[in-house]
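Overview (structure and organization)
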Amino acid sequence: MTRDHVLNVEGLTLGYGERTVIDRLDLLVPPGRVSAIVGANACGKSTLLRSMSRLLRPRTGQVLLDGEQVHRLPAKELARTLGLLPQAPTAPEGITVSDLVGRGRNPHQRLLSRWSAEDDAAVAAALEATDTVGLADRPVDELSGGQRQRVWIAMALAQQTDVLLLDEPTTYLDVSHQVEVLDLLTDLNRTRGTTIVMVLHDLNLAARYADHLVALADGRLHAAGEPHAVLTEENVRAVFGLDCSVITDPVSGRPLMLPIGRHHVAAPAH
Amino acid sequence: MLLVLAVLVLVALAANLMVGRTFYPPGDVVSVILGQDVAGASFTVGRLRLPRAVLALLVGLCFGLGGVTFQTMLRNPLASPDIIGISLGASAAAAFAIVTLQVDGPVVSALAITSGLGVAMLIYLLSFRDGVAGARLILVGIAVALMLESVISYLLEQAAAWDFQEATRWLAGSLNSAHWGDVVPTLVALVVLGPVLLASGRHLDLLQLGDDTASALGVRVERTRVVAIVAAVGLVAFATAAAGPIAFVAFLSGPIAARLIGPGVSLLVPSALVGALLVLVADLAGQNAFDHRYPVGVVTGVLGAPYLIYLIVRSNRTGGSL
Amino acid sequence: MTALVAAAAASVTIGSRDVDWSDVVAALGGSSETLAEAAVTKRIPRTLLAVVVGGSLAVAGAVMQGVTRNPLADPGILGVNMGASLAVLVGIAWFGLTAPSTHIWVGIAGAGISAVFVYAVGSLGRSGATPLKLALAGTATSAAFASFITAVVLPRGDISDRFQSWRVGGVGGASFDTIVLAAPFFVAGLLVCLACARGLNSLALGDDVAAGLGERVAITRGAAAFGAVVLCGAATAIAGPISFVGLVVPHLFRMLTGVDHRWLLPLCALGGASLLTAADVVGRVVARPSEIDVGIITALIGAPFFIHVVRRQKLRAL
């Protein structure tokens, strides 16, 4: 079991150049749970995630990990606690799966240290957990989209962090691979207690797989809490400007959002 | 604007005839052109300056037209024949002819033209993979250019009698040895190939929308491209054979014309005129403005270099064309 | 390793004049009495220089490709050679530089400035430094530098000879003195590059992933680029412009042994040394009794290879 770390954001303002993307945001990531950040396009979801992993310096406010500002922590020390998988990462041409996963060990290695048995064990465990042992010697270029995403997650696992941030881990995947990846992350959370924060595009998948939903609108926190509390008809209208009907998903018991467009509406919605 | 450009070209042409170590008034120049005998002027203007100025005009037109064709076709202002190796193909052959075979005149021209076309064809074939993509063609061209450069430097190293200064002058592009024998083939090339390019101008503009879009609009993409390449390479190769690869003229004419004329108009004629203007003015300056007489290519090279860099910076920043 | 020893042996024995092994041994013992022994004493520094320069260029190429994440990065293509040439020329023409020791400093400075400049120009814009933009920026900058060189050289008959002899010097003009002079630069550059190997492995996964792995991206990139510029600047300063070694060798070893920089960089050092030494031997043999400059040989080998790399790339990646 991993140690629970507290990741929270206080009065965070982020922006690029003139543009402010996130405006005075406060947020507490529940330790040991799966959180999903949702919101319309360009509402600052990925920007927030980047800042939480130290990639983007805040204009004001701070990101705190166990009470320490992440932007002040030494890079490798932070990388042993908090891992990040960006959206659609690119692998160098010709790299093999085991080499790629092994690079996740970077924060655990010093300038002149050798590859250790511990590193080997971490890589093996990561391959095992993502069911990619059989792919270890294959070049990453040759894999399918779902396999490739599992390999990248394996790399993040080899990093052995207690907190894992993922930016749209299901982009470019078909529906079965999306479910496969999210199941894998859930396993990870349940067996190791890893705190997971991910940006997700699909509201219904987010509501099904996350314990905690964070809804952003125009760079501000609109709602946060358990899926039933956040995924409501009012919130969807406020955040996405979309009329919808929310029912209970017969499969998971979580809320399920059904959009109401201008056409193909069988019964009056209101 | 087109008219202004044409007038400027004529003024520059006239200036090149009048100005020199001795100044001849317009009246003398006109008399010489009309075939009358004017003491002194008949030789200086008629024998030296007139072929030189006419050749400058013609190679400028050729470079401008050939260059802008490539730039339009490959949707990239940096993809002119002098950057992607085609001018170098002609240069290498000319260097080979002069240094190794020790021939001159029409043989040099013929070899340069054949080689320019050959190199263009080689680049085209090497970059062909399910059709030719502009980006790949440019990169292959750059590689070929580097290879040809090393061939040229080998040829020059081998030439004991061939003085380094002289070689540098020729490779920079120079009008020093201009005579009527150079003018005629260049003129023929321009008269034959120029109209071909002008006729396919509209299709070339459509190619700028991308191969797929152009072909959806009814352009036969590969055919248009082959015709344009052959014609443009022909122009550049003839001009190179006559005057050496005058640096950056093919490259600069198009972008300058684009700035003068503005968007939405075919750039072929304007950039041909700009090319002519560049060569005429640069030669005038190179002959008269400094203590040392510089060949025209050095002047265009030094003037063109900063503009080239500015252009890369600007086109990258706007993000559109690269 | 074996290839390097073989190439070095060939380089010492084969040349415009063939010599026997006994002569080689005698020459190594310090003798220079016979003509053959004299030839060998000339060839030893030459071979050594080819080894050092080849290794440096290959490592510099591999590092540049890693730093820019760009398969076509090569000291020659990035305009580094012309930058070094122009800087040395300016030094000779206007600051009266004569000593080879100052050439190295000036050459490294010129190489560094032009590399930074080309990369900055090539990476402007939204899509960053694509291979196409970088190659074009390099070529255009080289062309611009070349015209400045011509403009400076033409009216100055007095300096053109000195400059020309430096420019086409190749590895033929090698002496132990120049090698000793440049040695600290090669050693320092190589050490910096090797120290960055693991950082380059992380950078290869993209800036965000590298940062997520605890890599200080800007520092690693800056240090690695600095090491590479020192290596190729010093190499250009003492051996003249040599292109494509930095392109061919890293690509070859990536195909053969994979993409881990901790292995790749040392292998490139050996491979580049072998390639340049072998190219020098070929240059001495094919045009007997004269010689072909090694830079010409590498361009003739390298350009087709470059085209091969371009053809293999997916178009999107250009």
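These notes cover the structure that comes with them. No experiment lies behind these values; they were computed from the predicted model shown.

1. Focus: the overall build of chain C
- Looking only at helices and strands, one finds 14 helices and zero strands in chain C.
- Taken from N to C terminus, the helices and strands of chain C fall in the order α-α-α-α-α-α-α-α-α-α-α-α-α-α.
- Going through the 318 residues of chain C one by one, you find that 61% of them count as buried.
- Counting contacts in chain C only where the partners sit at least 6 residues apart, residues at least 24 apart contribute 76% of the total.

2. Brief notes about the interface of chain A and chain C
- Counting residues at the interface gives 25 residues for chain A and 19 residues for chain C.
- At the level of elements, helix 2 (75-79) and strand 6 (82-85) of chain A are the ones that each hand at least two residues to the side of chain A that touches chain C.
- Ranked by residue count, the leading element in the side of chain A that touches chain C is helix 2 of chain A, at four residues.
- Partitioned by chemical class, the residues of the side of chain A that touches chain C number 12 nonpolar, nine polar and four charged.

3. Re unusual backbone geometry
All names here are of chain A.
- Of note, Gln160 is a non-glycine position whose phi angle comes to about 50°, a positive value.
- In this structure, Gln160 sits in the loop between helix 5 (145-158) and strand 7 (163-167).
- Exposure remark for Gln160: the 21 C-beta atoms within 10 Å place this residue in the buried category.
- The residue Glu168 is not glycine, and still its phi comes out positive at about 45°.

4. A word on the sheet that holds strand 6 of chain A
Residue and element names in this part refer to chain A.
- If you walk across this open sheet you meet the six strands as 6-7-8-3-9-10, and the pairing is mixed. Bordering the open sheet on either side are strand 6 and strand 10 (220-225), each of which pairs with just one other strand. The average undirected angle you get between the axes of adjacent strands in this sheet is 15°.
- Both strand 7 and strand 8 (residues 195-199) contribute to a ladder of five bridges, which runs parallel. Across the sheet, Leu164 pairs through a bridge with Ile196, a residue of strand 8.

5. Let's talk about the packing of helix 4 (residues 117-129) of chain A against helix 5 of chain A
Residue and element names in this part refer to chain A.
- Contact geometry for helix 4 and helix 5: axes closest at 8 Å, N-to-C directions at 140°. Seen along the crossing, helix 4 lies across helix 5 with a hand that is right-handed. On helix 5, the residues touching Ala122, Val123, Ala126, Leu127 and Ala129 of helix 4 are Ala154, Leu157 and Ala158.
- Taken together, the residues that form the contact of helix 4 with helix 5 break down as eight nonpolar, no polar and no charged.

6. Describing the packing of helix 12 (residues 249-261) of chain B against helix 13 (residues 268-288) of chain B
Residue and element names in this part refer to chain B.
- Running from N to C, helix 12 and helix 13 point in directions that differ by 120°, and their axes come no closer than 8 Å. Taken as axis vectors, helix 12 and helix 13 run oblique relative to one another. For helix 12 against helix 13, the interelement crossing comes out right-handed. Contacts from Val249, Leu252, Ser253, Gly254, Ile256, Ala257, Leu260 and Ile261 in helix 12 reach Pro270, Ser271, Val274, Gly275, Leu278 and Val279 in helix 13.
- Looking at the contact of helix 12 with helix 13 residue by residue, the class counts come to 10 nonpolar, four polar and no charged.

7. Quick word on the sheet that holds strand 4 (residues 60-65) of chain A
All names here are of chain A.
- The four strands are arranged 2-1-4-5 in an open sheet whose pairing can be described as antiparallel. Only two strands of the sheet have a single neighbouring strand rather than two, namely strand 2 (19-29) and strand 5 (68-69).
- Sheet topology note: the strand 4/strand 5 ladder contains two bridges and is antiparallel. Residue pairing in the sheet places Leu64 in a bridge with Gln69 of strand 5.
- Packed on one face of the sheet, helix 1 (residues 45-52) meets strand 1 (7-16), strand 2 and strand 4 and runs near 120° to strand 1.

8. Some words on the pairing of strand 9 (residues 212-217) of chain A
Residues and elements named next belong to chain A.
- The buried count for strand 9 comes to five of six residues, which makes it a mostly enclosed element.
- Inspection of the sheet shows strand 3 (residues 34-39) paired to strand 9 by five bridges, in the parallel sense. When the sheet's bridge partners are listed, Ala36 is paired in strand 9 with Leu213.
- When strand 9 meets strand 10, the two strands line up antiparallel, connected through five bridges. Following the sheet pairing, Leu216 is matched in strand 10 by Leu221.

9. Here we look at the environment of C:Ala73
Residue and element names in this part refer to chain C.
- Structurally, Ala73 can be placed in the loop between helix 3 (35-68) and helix 4 (80-94).
- Overall, Ala73 belongs to the buried group, with 30 C-beta atoms counted inside 10 Å.
- Residues Ala73 and Ala62, 11 residues apart in the sequence, show an inter-C-alpha distance of 8.3 Å.
- The contacts of Ala73, once residues within four sequence positions are left out, are Gly61, Met64, Gln65, Thr68, Leu78 and Leu134.

10. Regarding helix 12 (residues 245-257) of chain C
All names here are of chain C.
- An ideal rise of 1.5 Å per residue puts 18 Å on 13 residues; helix 12 measures up with 18 Å between its terminal C-alpha atoms.
- Here helix 12 has its buried residues at Val245, Gly246, Leu247, Val248, Val249, Pro250, His251, Phe253 and Arg254.
- Where helix 12 terminates, the next one or two residues include Gly258, which has phi positive at roughly 100°.

Criteria and thresholds
- Residues numbered from 1 in each chain as written.
- Chains lettered and ligands numbered in written order.
- Predicted model: local features only at pLDDT ≥ 70, side-chain atom pairs only at ≥ 80, totals over all residues.
- Helix = DSSP H or I, 4+ residues; strand = E, 2+ residues; numbered from the N terminus.
- Buried ≥ 20, exposed ≤ 12 C-beta atoms within 10 Å, placed from the backbone.
- Contact = placed C-beta atoms within 7 Å.
- Nonpolar A, V, L, I, M, F, W, Y, C, P; charged D, E, K, R; others polar.
- Pairing = 2+ DSSP bridges.
- Axes fitted to C-alpha atoms, helices over the stretch in contact; angles between N-to-C directions.
- Left-handed = near helix turned anticlockwise from the far one by under 90°.
- Parallel < 35°, antiparallel > 145°, perpendicular 65-115°, else oblique.
- Expected span 1.5 Å × (residues − 1).

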